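Below are the chains, spelled out letter by letter.
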Amino acid sequence: MGEEKQRSLLLDSASRFPLPHGVRFSYGTAGFRSEGSILVSTVYRAGVLAALRSLKTGSAIGLTITASHNPVSDNGVKIADPDGGMMVQRWEPFADALANAPDSEHLLQLVVQFVEEENIPFGGVQSAEVLLGRDTRPSGEALLEAAKHGINAIIGAVAIDMGVLTTPQLHWMVRSRNKGMEASESDYLAQLSKSFRCLMNLVPRERITDSLDTELVVDGANGVGGDKLEQLKKMKEKVVPSGFGPEGVGIRCASLDGDADRLVYFLIPSASSINIDLIDGDKILSLFAVFIKEQLDVLYKDSDSNNKPPVRLGIVQTAYANGASTAYLKRLGLEVVFTPTGVKYLHKKAAEYDIGIYFEANGHGTVLFSENFLSGLECRSNELASASSGSEQHKAALRLLAVSQLINQAVGDALSGLLLVEAILQHMGWSIRRWNELYQDLPSRQLKVKVADRNAVVTASAETQVVSPSGLQELIDAESGKHPLGRCFIRPSGTEDIIRVKLQERLQGKQKPEQEL
Ligand SMILES: CC(=O)N[C@H]1[C@@H](OP(=O)(O)O)O[C@H](CO)[C@@H](O)[C@@H]1O
Ligand SMILES: [Mg+2]
């Protein structure tokens, strides 16, 4: 009976959100994206999808409406899984099919078939919960309404509007809610400011120098991150002064993207320079790695582990990482591994370690701590608190615990990343110039080429080798063979209808490509 009612509800509701003519939507790396005005039916269907995902998992699911850094007239929608990560890839083909169903009958048919295949409790036997968030784009409000209609078309599902948020805030909320923890925006802000303050209080006295810049200028890309920083600022005045002008030379500057899931820093080297010195995701990753390694070395300095490191610390990069960063990380003795482009791949890999640090060069990334490692760390910190409170070891444990609270465990988050960078620079007593000098980036260039069908190009080896069309890799090899100091790879974009071409200088010396990678 419930199923009958469910079918007619869905049929009726879906008929009010017809698919526009002549468009095709695809759930890419960043969910569905397009011109905001043609996305209503897609967002409605994403609402249906999110509700089904919640029924299937028995947990809260997230749905966020944003097109990140893209033009203000664009918009997009993506779904967060119960752990706060990206929706499981296995469901992407269903997402595509649903978004492109020509009419409500086809849509119902697809849902019924999928529900059966996936064994989803359907028809009101189970409740579902979808948390909604959006950025500040004008089209966001109407799209949010469409998402609510999609969710409400599934019996037992409720939509909870969490308001205007950064993408990582919504992912954080989904994760926290499913862990039974406080999950409001003020809880998020309170956790960030508390753990940041804790790290600042643990900055070694001898490293506190008067000469260190206390000024930070943040460019919020006219996105949602700027508003949220204002809120954070109220909780910790010293962190983020604003204002940006010619007096910016030499000042530490940070830049967020539109939905605040990407972070880079930059420096204006001199008043006459047209270029900036970009401190990208690779360098943020390197800063985090240096700091975390330092804390681990202190914490485990006396441990007898038969030469086996007691903690598995892993670094995850993509083929876009600057070769100089990889070489630097390897010189620190760290394990560096590569995945295809897209945070869902990096995140998954990083989660295999006790501590996994991942970053794309463009600033998406975070630090993941395994549950197992964290519970051990808490025990260790408690032991140290009673045996040697205030010792260097105890402080190292407290710092690591604070990092795990500060840095978003669900997805890369520019706000939490920014606070961690700031705390580490203070800890190290490093200026932005000193940080930038950790290594020197190798020159590189990125191009995009419009093609009829980007999917004709298939790659392997973390996207560095073309396997199809046949013969293409040989042509690339022959061309790059003429430049022994260069390397080149191409891959189809996961977000645009283009092929990306990357050219990068090799490290001087005898490194083979795979050593550099
Ligand atoms: C070279 C590059 O920067 N690629 C970006 C871009 O993916 P493409 O598949 O290259 O279009 O958008 C992704 C989603 O935002 C991001 O994760 C990724 O790093
Ligand atoms: Mg973004």
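Residues numbered from 1 in each chain as written. Chains lettered and ligands numbered in written order. Predicted model: local features only at pLDDT ≥ 70, side-chain atom pairs only at ≥ 80, totals over all residues. Heavy atoms only, no water.

1. Re the side chain of K344
Put simply, the rule reads: Numbering of helices and strands starts at the N terminus; helices are DSSP runs of H or I of at least 4 residues and strands are runs of E of at least 2. In what follows, a contact means two residues having at least one pair of non-hydrogen atoms within 4.5 Å.
By the element assignment, K344 lies in helix α11 (residues 343-350). Each residue touching K344, except ones within four places of it in the same chain, is listed here: G28, T29, M86, Q89 and E92.

2. Regarding the packing of helix α7 (residues 185-201) against helix α8 (residues 225-235)
For the record, the criterion: For every element, the axis is a line fit to its C-alpha atoms; helices are fit only across the contacting stretch, and the angle between N-to-C directions ranges from 0 to 180 degrees. Angle categories: roughly parallel below 35 degrees, roughly antiparallel above 145, roughly perpendicular from 65 to 115, and oblique for all the rest. By definition, turning the near helix anticlockwise from the far helix through less than a right angle yields a left-handed crossing, and turning it clockwise yields a right-handed one. Put simply, Ala, Val, Leu, Ile, Met, Phe, Trp, Tyr, Cys and Pro go in the nonpolar bin, Asp, Glu, Lys and Arg in the charged bin, and everything else, Gly too, in the polar bin.
At a minimum axis distance of 10 Å, the contact between α7 and α8 shows a crossing angle of 55°. Classified by the interaxial angle, the pair formed by α7 and α8 is oblique. Crossing hand, α7 versus α8: right-handed. On α8, the residues that touch E185, L189, A190, L192, S193 and R197 of α7 are K228, Q231, L232 and M235. Its residues assigned to classes, the contact of α7 with α8 shows five nonpolar, two polar and three charged.

3. Focus: the UniProt feature "binding site: Mg(2+)" (unreviewed entry) in the chain
What counts here: UniProt positions are given in the numbering used here, feature names are shortened, and annotations may be inferred rather than shown by experiment.
Those residues carrying the UniProt feature "binding site: Mg(2+)" (unreviewed entry) are S68, D257, D259 and D261 in this numbering. In three dimensions, the annotated residues from a span of 194 residues occupy one location, with a maximal C-alpha spread of 8.2 Å. Within the fold, D259 resides in the loop between β7 (252-256) and β8 (263-267). Residues contacting D259, with those up to four places away along its chain left out, are T66, S68, K78, T166, T167, P168 and V224. Within the secondary structure, D261 sits in the loop between β7 and β8. Beyond its immediate stretch of four places on either side in the chain, D261 contacts S68, K78, P168, G363, H364, G412, D413 and A414.

4. So, the coordination of the magnesium ion (ligand 2)
Worth spelling out the cut-off: Donor criterion used throughout: N, O or S atom within 2.8 Å of the metal, extended to 3.2 Å for Na, K and Ca. Water excluded; incomplete-looking sites may result. A 1.4 Å probe rolled over the protein chains alone gives each residue an accessible area, and that area as a share of the maximum for its type sets the label: buried under 20%, exposed over 50%, partly exposed in between.
The protein atoms that coordinate the magnesium ion (ligand 2) are S68 (OG), D257 (OD), D259 (OD) and D261 (OD), at distances spanning 2.0 to 2.2 Å. The motif formed by the donor residues of the magnesium ion (ligand 2), counted along the single chain, is S-x188-D-x1-D-x1-D. You can see S68 sitting in the loop between β2 (60-65) and β3 (74-80) and its partner D259 sitting in the loop between β7 and β8, a full 191 residues away along the chain. Relative accessible area serves as the criterion here: at 6%, S68 is assigned to the buried category. By relative accessible area, which is 0% here, D259 ends up buried.

5. Digging into the pattern of salt bridges
Rules: Throughout this description, the term salt bridge denotes a Lys or Arg side-chain nitrogen within 4 Å of a carboxyl oxygen of Asp or Glu.
Enumeration according to the criterion identifies 25 salt bridges in this entry. The salt bridge partner of R16 is D12, with a shortest N-O separation of 4.0 Å. Given a relative accessible area of 45%, D12 falls into the partly exposed group. Across the salt bridge formed by R134 and E141, the nearest N and O atoms sit 3.8 Å from each other. E141 gets classed as exposed once you look at its relative accessible area, which sits at 53%. Several salt bridges share partner residues, and in doing so they unite K56, R90 and E118 into one network.

6. Quick notes on the sheet that holds strand β17 (residues 486-492)
Convention followed: Pairs of strands are assigned from DSSP output, requiring at least two bridges between the strands.
Sheet architecture is open: three strands sit in the order β14-β18-β17, paired in antiparallel fashion. Looking at which strands have only one partner, the edges of the open sheet turn out to be β14 (444-450) and β17. Here the strands of the sheet are splayed against their neighbours by 15° on average, with no regard to which way each runs. Here β17 runs beside strand β18 (residues 498-505); their pairing, made up of seven bridges, is antiparallel.

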